[in-house]
Each structure stands twice: as structure tokens, then as C-alpha cells.
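# Coordinates in review
Chain by chain, the residues:
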Amino acid sequence: MLPIRAEAVDYAAGGVPILRGVTLTLEAGPPCLIIGPNGAGKSVLLRLLHGLLRPAAGRITPAAAIRGAMVFQRPVLLRRSVLGNLRYPLALAGLGREEQARRAAAALDRVGLAALAHRPARRLSGGEQQRLALARAAALAPDVLFLDEPCASLDPAATRAVEAIIAGIAAEGCKIVMTTHDLGQARRLAGEVVFLNRGRVVEQSPAAAFFAGPASAEAAAFLRGELLW
Amino acid sequence: MLPIRAEAVDYAAGGVPILRGVTLTLEAGPPCLIIGPNGAGKSVLLRLLHGLLRPAAGRITPAAAIRGAMVFQRPVLLRRSVLGNLRYPLALAGLGREEQARRAAAALDRVGLAALAHRPARRLSGGEQQRLALARAAALAPDVLFLDEPCASLDPAATRAVEAIIAGIAAEGCKIVMTTHDLGQARRLAGEVVFLNRGRVVEQSPAAAFFAGPASAEAAAFLRGELLW
Amino acid sequence: MLGILGLSLRVSLTALGIAALVGLPLGALLAVARFPGRHALVIGLNALMGLPPVVAGLLIYLLLSRSGPLGRFGLLFTPTAMVIAQAALIAPILAALSRGVLEALWEEYADQLRSFGAGPWRAVPTLLWDGRFALLTVLLAGFGRAAAEVGAVMVVGGNIEGFTRTMTTAIALETSKGDLPLALALGLVLMAIVLGVNMLAQALREAAGRGGA
Amino acid sequence: MLGILGLSLRVSLTALGIAALVGLPLGALLAVARFPGRHALVIGLNALMGLPPVVAGLLIYLLLSRSGPLGRFGLLFTPTAMVIAQAALIAPILAALSRGVLEALWEEYADQLRSFGAGPWRAVPTLLWDGRFALLTVLLAGFGRAAAEVGAVMVVGGNIEGFTRTMTTAIALETSKGDLPLALALGLVLMAIVLGVNMLAQALREAAGRGGA
Amino acid sequence: QDRFITLASTTSTEQSGLFGHILPLFTRATGIAVRVVALGTGQALDVGRRGDADVLLVHDRAAEDRFVEGGFGGPRRQVMYNDFVLIGPGADPAGIAMTRDVGEALRRIAGARAPFVSRGDRSGTHAAELRLWQEAGVDPVAGRGQWYREVGQGMGPALNTAAAQDAYLLSDRGTWLAFRNRQGLKVLVEGDARLLNQYGVIPVSPQRHPHVKAAEAASFVEWLIGPEGQAAIAGYRIGGEPLFFPNATDG
Ligand SMILES: Nc1ncnc2c1ncn2[C@@H]1O[C@H](COP(=O)(O)OP(=O)(O)OP(=O)(O)O)[C@@H](O)[C@H]1O
Ligand SMILES: Nc1ncnc2c1ncn2[C@@H]1O[C@H](COP(=O)(O)OP(=O)(O)OP(=O)(O)O)[C@@H](O)[C@H]1O
Ligand SMILES: [Mg+2]
Ligand SMILES: [Mg+2]
């Protein structure tokens, strides 16, 4: 699957240009964090890279319909139990019943939802839903995992635990492509950073370099918390 | 409207007890921050205080059906334009057309969405949606404003700006009752803190005292980021 | 032929309009409000979708007949009577189907609208407006039922040539005359008209959809 | 009387079953898949909700009549013919209505299911299952239409006493005899049965709903 | 048109096309339009009883007399007749084409257990058919569910059914002549005096229903049984064959 390359990708919706000339390469390696202000186009970019949207211009390779797995910014839970939600994609992936059960149980355990396995998923609290969505995508053991602000609703301890989970997944060789508004989290996880602003990739740099001193004035303002709408 | 008192409130749903013996008083004054781990019952408590849910036992006074305004953890935007979403509750509150337009424009401006006024609201990015929901509730100029993690999807600059807005609303005499997982934010905004864990109010303290040294071991563990699911 | 077509359309669309005015708000109210007897009402409306047209026709017939309570208006065997019968027939269908459709929307909106202080009465128009695209299919189902309906209009309209003969009663008549080719041809014409109405509705929907949803 | 009732129920429910087997997946597929001609198909199905029963009946009649293509099976004027006619009549209704209902669900699910790699064929059963409560109303609408239907079963069944006479054709017969009280009484009995079916469906729904949604 | 009357009649008269021929003549002569509601005979009489029509044209003598005796309208005037014909498949499996005796024909049908379609709707035609079976000494109800098939519908649908089933049936000549979906059906027995089908016209009583347009109804009856109306009836032909025979003066 890797590397995934976006070349001069444009995207528009509802008559509004959303992404313009996005070129970037995702190589095997530590997590790539996509950061930028609200409305910069991070979620749209993830959807494009995941394969849910098609570029209006430019291209993304490999051209497989869907690349890897994704956790959406707003989790979509099926009208089933927590366990049912976990097993659905595993069944779709063609895993046997036993393997499904094994993986689902392990995934629930990992995000601390084992006790809620039989609850209707859509009744979970915000943070519980987010953890379920992450567990569900991770259980697929994809080679690329797109995470759209996976910790936005998590409490401090859960955030740390999920960060550890993500780091663990990355260590097992899965490429993490993730957005976050928590710059501390970005620092802790990122191998490289893509800084997006107003639909353009302003810079793509190794994380250490980016946080030490970004190349662009916009990114610097963003890091100082001064890049306001 | 104030003070709002909850007395020995129990709540259960789907056969599961969610809140147990919750007693607290919300007095006029600086913001009250409700914090606690995922699934502690914060959102349910806000709904009870707002008047959307009825206690299974105990009572909440005053008994008005709906108290103040609320921004939900997962914003619910109507299938209308951004502006249409803002005007809807204002029209419902019986404001004249001109007053509606004035307030809507001011509210949009305040959260930096003026340029998106005519976009379909449900197509906004996660952070834009959250800001719209906040602007919509605040435009009603309620005397109590319930905010359920209003900054979860906001970028760093937007978070600071929204914190300033919230502080401003509070300064105008509106009681803010808010949840957050961002302890830094809680420190910056809170006048008092309610710490909720597993459906119980563990403590209700002035913010300064709470963050200096919480009375309970659970809260201390939570602040250290060690109270894991 | 043109007269018959016009009458068919006029009766079906008027009946649809009246039924929508009653049925859609009722459906929305049932999606929104919780009151004693609501459950029974929902089941009753669902069951009324199975009201046989002839029975509806008979009831309206007895009501409008000279010896019936509304006899003095002399409405029996007039297009008005047909409109009444069809409206009575499809209003429950619109109500039951729109309740089903709007209940899903309400599930999403309930907390937010209640938070705005909107009572059931205020929530009804909001649901109808925000659910208008989904309701279009419901309306088209109602229109289809009205356009295809023959039992009720036959009983209360009397299939009077040049006055209350509609496409469907004409089709029934030609069928009983054994003129199956003519009956089928009339059926095709009727279907073409119905198709036209559906295409128009779809075009309107798209024009509206472009404005933003 | 009991025989007539039984036949009515048997025919309507069998037709509903067959129509559901075709119509619901088709509706779901139309909600899910994007292919050339989909738009036309949707409009066509919506329009078919306005297919007059007599016309549907005539088409099936011509198909099954001994000079027709399927004549050698001798199905005309049998309950089987009535089932075929009713199924043909309500399958488009089920498809059109379920498409409308499931499109809303698909709007929410689309990205997630596609992300799981579920193609249209795999998404169809998921939508049908997760939308089952909303589809209940659609099924009840189809059942109502089948139970109330007289035009098609009359043409292809022939209303033969003791063999293809259903409640609705019996009601039409008594009406033409001028025995309105008997016709109305039969109508009441039919409505009671339809109500019973609706109550049963509702009870089943509630029992299932308690299991978790 | 402001002046109109409502005429309740039977499906067989409507489906024969008679009204399309004679009513425009009446309207031209009098300026009164006629709205025809074609129903089963029983239903037509019921419509009259309730005052929902101004005048009736039906063909079930016994029921008509009860209607008049009940004070719902009258007087009944005889207008025209046509005749019933026994129709069956060209192959004629019961071999009835040779006989001119309708009783014998029915007995052969029953004997051969050949499919027979009955209106089964207590219409005038159905009443006539049952009378003929009785006179023939056969109880067809024994064959119900097998060869004797009561379809409970109007004349046209009954003909459609017989055509599709290669069955025998009794039809009025007018509907038969106007009927298009004959497939293999033919007239096999006709001309027996017992096959006469008499129509009568009855104005609805204005005493019972004051809103009834008595004057217009009276001019309709007058015209129908008068020379113009009788001539118009005689003038309605299909393929050169008359469908109805005026006989108002005989009564
Ligand atoms: N389908 C659409 N139609 C119209 N506008 C859209 C659509 N999808 C996204 N947008 C707009 O494109 C911009 C980028 O959206 P996107 O969701 O990618 O932002 P984001 O970077 O993820 O922001 P956030 O941090 O708030 O999640 C936003 O301004 C949004 O309003
Ligand atoms: N309607 C319901 N049916 C069943 N369980 C529910 C329902 N609503 C809430 N719960 C459960 O109650 C608990 C508290 O939920 P709540 O949403 O109040 O949590 P929270 O404190 O807001 O958590 P978070 O920080 O994740 O938003 C959760 O475990 C949740 O699964
Ligand atoms: Mg986003
Ligand atoms: Mg919450």
C-alpha cells in the first residue's frame, strides 16, 4: 500500500474550493500528524487519502478504492451493540467467527470497554464512542490507519492511554496518519508533520524540526496560538 | 432561574444506573466546570440540569421544563444554512426579524463564521460546527448556559478565542455550566469545580482549592492523569 | 379523453392536497408528541392504510347520499364527492408514512429543539420543513394511490360520462366491455401522466436541493 | 366467510412476502448504489406507485391467459394469479418507499461502510437490518395496499365463489347487489383483521426493540 | 348544462353502448342532460330508494315491483326488451349448438360438467339464469367450485372470465354484441321465448324525496316511451344487428 502519494490534488465541494494543489507522500515510518486550523481541510484530506473522495484534479496513488482503515472525526456507530459494531467490519473482512470474537474481545479490552460490550453502541458517552470507533478500526489491523482527532472527547488518562495504543500500533509497522488540535499530543506522537492552512500544504517536515522552528510564518503563528480564523 | 439545585438525584437508562445521589447547587457567579472521566455521567447531568431529562429519584429546582440554553457534546445542526441555524431559536424566542438578523450577524462574527453564513450548516468542518452551535446558544442571551465540551474540536487559537468569549459571557452575568477534558482550560475558566466519577459527585469545590489539592484521592488521581477506565 | 384526463388529475391532486394538509401535520405530531392514546392512534393509522377503497367509498356514499346526514348538499355523484373519498382514503396513508419518516428525524432533533423551548406544535413545522425531501416520496406514494384508485371514486362518483368519469373508471369500463387494448392504452396514458407528475416533482426537488440542504 | 377471510389473508401476506423479497433489496440498492439509469429507475418506481390495479391486473391477465406467453400453466383465475398480480402491484411501492427511508440512513452510514470496504451488495443487508424499524411502516403500507386491493385480484382471480373470492371482491359484489349493510359489515371484519395484523407487527417490533437498538 | 337528471341504470345497458346513442337525441330534444350511473341492478334500485337518482332503467321485474310497492317511485313503464343468448366456446364440448331449447342446453352442460360461468351477483341477468336452471330441473349449485363458477361481477367481466376459461354463460345480447374480448366464444343458443329480457323505467318518487327533479324525470320517461325514444332505441345497431327492441306500446 505504502507509499501513498498525492500529486497536485485539488478538491472542491458545493462550489467552494477546499483543497488546492496538495502534494505529499506518506512513507512507511512513524506517525504523520496533519495539523492546522479549523476548516483548513484536514478531514477532507484524510478522506481523499483514505479513498472515500476522489480528487477533482491531480491524483492519488496507489489507486485502490479504499486504503487502510479510518476513524472519523464524528464516529459513525451502527445501530447494534458495542460488540456488534466491532464484529461487523471483521465479518466483512472475511474473518472466521472465532477470530472475530477473539479480536473483538481484545480490542474492547484495550480501550476499556469490555464491561460495556452488550450496550447499544449509540447510547455510549462521547468518549466511549470515540474509543469504540478507534478499537473497531484498529481491530482490522490495517497497514495504514487514518485517525481524525481520535482523542478530542477523551479524558486526560484515556488520552494518554490511547496515545500509547497508537504508538504501539505504529511500532507494529502500521502507518498512522492523524489529525489533532492538541499540540502536546502532536509533539508526543509525530514522526513528521504536515501543516495545512486554507486548503494548502504549507509545509511537510520532520516533527522535531517543525516544533523546533517551523519553516513558514503561518505555522509559527499557529504554534503560538495566534492564527485565528 | 438561579440558584439551580439538584437534590439526591438518581438517573438510570436502559436498566443501567448512571447517576446516583447527585446533590449540588449552582449559584450565580463565575463558571462551574464539571470534570471527570469518560462515562462519569457529565453529559447526562447537564441534560438533567438543563431540563431535558427528568430524575428517576430526587428533584431539581426550579422545576421549569427547560432552564437556560445548552450546547451539546455532539452539535445538532438543522438542515439549513449557517444563518438559518442561528435565526431558528431566535425566531422561536419571539424576536423580531431585525433583532434576529442583528443578533445572528453579531454571533457569527464573534465565532469567525461570518464568511460561511450561507453554507449548508451540516457541511461545515467539525470545529466550525462546534463554533456555530456555541454562537447559536449564546445568541439567545440565556441566564444559564450549559456547555458540553465546547472546545473539543477547536484548534488552539480558536480554543483561546472561545475561552475568551465564554469568560465574556460569564462576566455579563450569565451562569456558565461546562464540561471539559482540557484541564488547562478548566483551570483558566473555572470559578468552581464539580468532580464527577462513576455517577457520583465526589466533590464540589472552589477552583483554586481544587486544583491546589483536591479533597478526594480519586480527583487527585484524575488530575495526575492516572484515573484510567 | 382530455376532459377525463384533466378530471383525473384534478381530483387526485386536490385530494392529495387536502390529505397532505391533514395527514402530514398529523404524522409529524405523532412523531413528536407523547400523549395517552398515541400508541393506539399510530396502530390505527397503520391499519387504515389497509382500508378498502370500496368501503371508504361506501361510507362517504352513505354520508353524502340524499338520505344521509350531508344529503342536502347534493354532493353525491360529483367530482367533489370523489375528492372527499380519495382524501379520506389517502390521509391516513400520508399520516402513517410521514410519521415513520419523521420519527427518524425527530430522534436526531428532539433534544436540540426541546432545548430551544420548541413544544410539539412548534416542532411540527420544523420537522416537515427539514424532512421535506424524505416527505416527497411519501407524497408521491399518496399521489400514486389517488391516481390509481378506482373503487372509491366509482362508488361516490358514479362514473358518469363527461362528468365524473376518470381515467381509472374509464379503464374499468373498457375492461368490462372486453376492449382490453383500449383499456391498456388508457392505462398507458394514465401512467404517462403519473410519470410526468413524478418527473416534475423530482425536478422541483432538485432545484430546491441546489439551494442548500 | 372464514374461507374467504383466510384466502384474503393468505393472498395478501404471500404477495407481501414476495414483494418484500424483491422490493426491499431493490429499494436499498437504489439508496446505496450510483449507476447510470438509477435516477430514471427511481422516478419510474415512484411513478409505478400509481399503477392502477386494473391495469396491473390486465397485464397479468394477458400474461397468464391461455393465449398468453404463460398460458400453458393454467394459472388464470387461481389464487396464484392473484398473488402474482398483487406482488407486482406492491413491489414497486415497497421499493420506492424503502429507498426513501433508507437513503436517510445511508447518508449517515455511507462513509463508514465504504471505509469498511463494503460494496453496495454488502451494504444492502446492513441497511435493511439497521433500518428494520423504519421499514416496518413501509411493510405495513404494502400490506394495507394488498389487503385493500380489489381491482387486480378481481381481474385475474375472477371473484369465483369458493375459490378466488376474497374479502374485497366479496365487498364489491355485495355493493353491486345493493346490500350495503352486508358490504359494510364485511369491510369491518376485514379492517379488524388488518388491525390485528398491525397490532401483531407492532408487538413484534417492541419485543425486538427491547433487545437493544 | 344546468338542467340535468341522474339516471341509475345497469352495467349491461351502459356497456352495450345504448346510452351513447340515444341520450344525445334526448338532450337535443329537451335541453336536459342525463348523467348515467351504471350499477348492479340491486345497487341501482338502492340508489333510487335513497333518492340519489331521479329515474331508473333496470331489468328485474320482481325487484322493480317491490320498489314501486314500497312507494319509492313509479309508475313503472315498460320500455324495451332484448334477449339473452347462451354463449359458449366454438368447440362446444357439451354439444348444445344443435338444440334451440335452452332447458335442454343447460341439462347437457350440467351433464358434461362443462365449465359454466354465472354472474352470481343477483343482477337481472343472474336472476334470469337461475330461473332457467330451475325450469330445466338442474341444481347447478351442486357443481359449485368445479364446473359451475359464480364470478360475482358484471356482464363484461363475466364474459372476460368465460373467454379465458372456455366456459359457457348466459349473456344479454346487447353486452355480447358490444363485447370485444370474445376469443373463442360464440352464440350457441338463441331465440327461445324463455330468453326474453324486459327493461322498465321508473321515476323516483318526489313525495319521498322532494329534491328529485320530477318534471325533468317525467319528460325523460315520456320521451323514452314516446315515438322518438322508441325509434331511437330501434335505431341502435351494431354490425347491422339491433340490440334492443322497443315495446313500450305493448305494455
Ligand atoms: N461537502 C462539503 N460542502 C461544502 N463545504 C465543505 C464540504 N466539506 C467540507 N467543506 C468545507 O471545507 C472546509 C474544510 O473542511 P474540513 O472538514 O476538511 O476541515 P478540517 O480541517 O477538518 O477542520 P476541523 O479542524 O474543524 O475539523 C471547511 O470550511 C468546510 O466548511
Ligand atoms: N440512554 C442511555 N442508555 C444507556 N446508557 C446510557 C445512556 N446515556 C448514557 N449512558 C451511559 O451512561 C454513562 C454516562 O454517560 P455520559 O454521556 O453522561 O458520560 P460523560 O461523563 O459525558 O462521558 P464523556 O466524557 O465520554 O462525554 C456512560 O457509560 C453511558 O454509556
Ligand atoms: Mg476535521
Ligand atoms: Mg459527555
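Nothing here was measured: the structure is a model prediction, and the numbers come from that model.

### A closer look at the overall build of chain A
When its secondary structure is counted, chain A shows eight helices and nine strands. Taking 229 residues into account, the globule formula puts the C-alpha radius of gyration at 17 Å, and chain A, at 18 Å, falls close to it. Across its three principal axes, chain A shows a C-alpha extent of roughly 50 × 35 × 35 Å. Looking at chain A as a whole, 55% of its 229 residues qualify as buried. Of all intrachain contacts in chain A linking residues separated by at least 6 positions in sequence, the fraction that spans at least 24 positions is 64%. Averaged over its 27 positive side-chain charges, chain A has a centre that lies 7 Å from the centre of its 18 negative ones.

### So, the confidence of the model for chain E
Residue and element names in this part refer to chain E. Residues of chain E with pLDDT of at least 70 account for 99%, and the chain-wide mean is 91. Confidence, expressed as mean pLDDT per element, reaches its minimum in chain E at helix α1 (residues 11-16) with 84 and its maximum at helix α9 (residues 214-225) with 96. Note on the complex model: pTM 0.93, ipTM 0.92.

### Remarks on the sheet that holds strand β2 (residues 16-26) of chain A
Residues and elements named next belong to chain A. As summarised here, the arrangement of the three strands in space is β2-β1-β4, forming an open sheet in which the pairing is antiparallel. Looking at strand neighbours, the two that pair on one side only are β2 and β4 (57-61), the edges of this open sheet. Mean inter-strand twist for the sheet, computed between neighbouring axes without regard to direction, equals 25°. Strand direction decides the pairing type here: strand β1 (residues 4-13) and β2, joined by seven bridges, are antiparallel. Within the sheet, the bridge partner assigned to isoleucine 4 lies in β2 and is leucine 26. Strands in contact with helix α1 (residues 42-50) are β1, β2 and β4; relative to β2, the strand with the most contacts, it is inclined by about 55°.

### Considerations on the arrangement of the chains
Of all six pairs of chains that touch, the greatest number of contacts is found between chains C and D. Between chain B and chain E there is no contact, and the shortest C-alpha to C-alpha separation is 51 Å.

### Overview of the side chain of Glu203(A)
Residue and element names in this part refer to chain A. If you trace the backbone, glutamate 203 turns up in strand β9 (residues 200-206). Reaching out from glutamate 203, the side chain makes a polar contact with the side chain of serine 205 at a distance of 2.9 Å. Side-chain polar atoms of glutamate 203 contact the side chain of serine 216, separated by 2.9 Å. In this view, glutamate 203 contacts Val193, Val194, Phe195, Phe210, Pro214, Ala215, Ser216 and Ala219; residues no more than four positions away in its chain are not counted.

### So, the coordination of the magnesium ion (ligand 3)
In an ideal octahedron of six donors the angles at the metal are 90 or 180 degrees, and in an ideal tetrahedron of four donors they are 109.5 degrees. All names here are of chain A. Those donors, Ser43 (OG) and Gln73 (OE1), are the protein atoms that reach the magnesium ion (ligand 3), and they lie 1.9 to 2.2 Å from it. Placement of serine 43 in helix α1 and of glutamine 73 in the loop between β5 (69-71) and α2 (82-92) is noted, with a sequence separation of 30 residues between them. Assigned by exposure class, serine 43 and glutamine 73 land together as buried.

### Side note on the layout of surface pockets
Volume-wise, the second largest pocket comes out at about 910 Å³. Contributing to the lining of the second largest pocket are 38 residues, with His181(A), Asp182(A), Leu183(A), His181(B) and Asp182(B) lying nearest its centre. Going through the elements one at a time, α5 (156-171), α6 (183-189) and α8 (217-223) of chain A together with α5 (156-171) and α6 (183-189) of chain B are the ones with two or more residues in the lining of the second largest pocket. Here the residues of the lining of the second largest pocket are counted per class, giving 14 nonpolar, 13 polar and eleven charged.

### What about the coordination of the magnesium ion (ligand 4)?
Coordination sphere of the magnesium ion (ligand 4), protein contribution only: Ser43(B) (OG) and Gln73(B) (OE1), at 1.9 to 2.1 Å. We classify Gln73(B) as buried; its relative accessible area is 19%.

### Re the packing of helix α4 (residues 79-115) of chain D against helix α5 (residues 120-130) of chain D
All names here are of chain D. Their axes nearest at 10 Å, the elements α4 and α5 cross at an angle of 130°. Classified by the angle their axes make, α4 and α5 are oblique. Along this stretch, α4 crosses α5, giving a crossing that reads as right-handed. Contact residues: Leu102, Leu105, Trp106, Tyr109 and Leu113 in α4; Ala123, Thr126, Leu127, Leu128 and Asp130 in α5. The residue makeup of the contact of α4 with α5, split by class, is eight nonpolar, one polar and one charged.

### Description of the site of ligand 2
The full set close to ligand 2 counts 20 residues, and Ser125(A), Gly127(A), Glu128(A), Lys42(B) and Ser43(B) are the nearest of them. Residue neighbours of ligand 2 fall on chains A and B, so the site bridges chains. Glu128(A) has a polar side-chain atom sitting 2.8 Å from an oxygen atom of ligand 2. A distance of 2.8 Å is found between an oxygen atom of ligand 2 and a backbone nitrogen or oxygen belonging to Gly41(B). Across the complex, the protein chains shield 88% of the 630 Å² of accessible surface that ligand 2 would expose by itself. Listed by contribution, the elements that provide at least two residues to the shell around ligand 2 are α4 (126-138) of chain A together with α1 (42-50) of chain B. Within the shell around ligand 2, the residues separate by chemical class into six nonpolar, nine polar and five charged.

### With respect to the relation of the copies chain C and chain D
Overlaying chain C with chain D gives an RMSD of 0.1 Å, the required rotation being 180° about an axis along which the chain moves by 0.0 Å. On the angle and the small slide along the axis, the relation comes out as a two-fold axis. Of the C-alpha atoms belonging to chain C, the one lying closest to the rotation axis is found on Val101(C), 3.2 Å away. Comparing contact sets, 100% of the residues at the interface of chain C also lie at the interface in chain D, consistent with an isologous, same-surface contact.

### Thoughts on a nonpolar patch on the surface
Together, Ile18(C), Leu21(C) and Val22(C) line one region of the surface with nonpolar side chains, adding up to about 310 Å² of accessible area. Inspection of the secondary structure puts Leu21(C) in helix α1 (residues 2-32).

### Examining the site of ligand 1
In the region of ligand 1, 20 residues are neighbours, and Gly39(A), Lys42(A), Ser43(A), Ser125(B) and Gly127(B) sit closest. Around ligand 1 the close residues trace back to chains A and B. Taking Gly127(B), its main chain carries an N or O atom lying 2.7 Å from an oxygen atom of ligand 1. Summarising the interface, the protein chains cover 88% of the accessible area of ligand 1, which totals 640 Å² for the free molecule.

Rules used throughout
- Residues numbered from 1 in each chain as written.
- Chains lettered and ligands numbered in written order.
- Predicted model: local features only at pLDDT ≥ 70, side-chain atom pairs only at ≥ 80, totals over all residues.
- Heavy atoms only, no water.
- Helix = DSSP H or I, 4+ residues; strand = E, 2+ residues; numbered from the N terminus.
- Rg over C-alpha atoms; globule rule 2.2 N^0.38 Å.
- Buried < 20%, exposed > 50% of the residue type's maximum accessible area, 1.4 Å probe, protein only.
- Contact = heavy atoms within 4.5 Å.
- Lys, Arg positive; Asp, Glu negative; His and termini not counted.
- Charge placed at Lys NZ, Arg CZ, Asp CG, Glu CD.
- pLDDT = per-residue confidence, 0-100.
- Pairing = 2+ DSSP bridges.
- Axes fitted to C-alpha atoms, helices over the stretch in contact; angles between N-to-C directions.
- Polar contact = N/O pair within 3.5 Å; in protein donor to acceptor, adjacent residues only side chain to side chain.
- Donors = N, O, S within 2.8 Å, 3.2 Å for Na, K, Ca; no water.
- 1 Å grid on protein atoms, 1.4 Å probe; cavity = no way out; pocket = protein on both sides within 12 Å on 5 of 7 lines; lining within 4 Å.
- Points joined across faces, edges and corners; volume = space filled by probe spheres on them.
- Nonpolar A, V, L, I, M, F, W, Y, C, P; charged D, E, K, R; others polar.
- Parallel < 35°, antiparallel > 145°, perpendicular 65-115°, else oblique.
- Left-handed = near helix turned anticlockwise from the far one by under 90°.
- Near = heavy atom within 4 Å.
- Areas by Shrake-Rupley, 256 points an atom, 1.4 Å probe, with all protein chains shown as cover.
- Least-squares fit on C-alpha atoms with pLDDT ≥ 70 in both.
- Patch = residues over 30% accessible without salt bridge, like charges linked within 9 Å, V, L, I, M, F, W, Y side chains within 5 Å.
- Salt bridge = Lys/Arg side-chain N within 4 Å of Asp/Glu carboxyl O.

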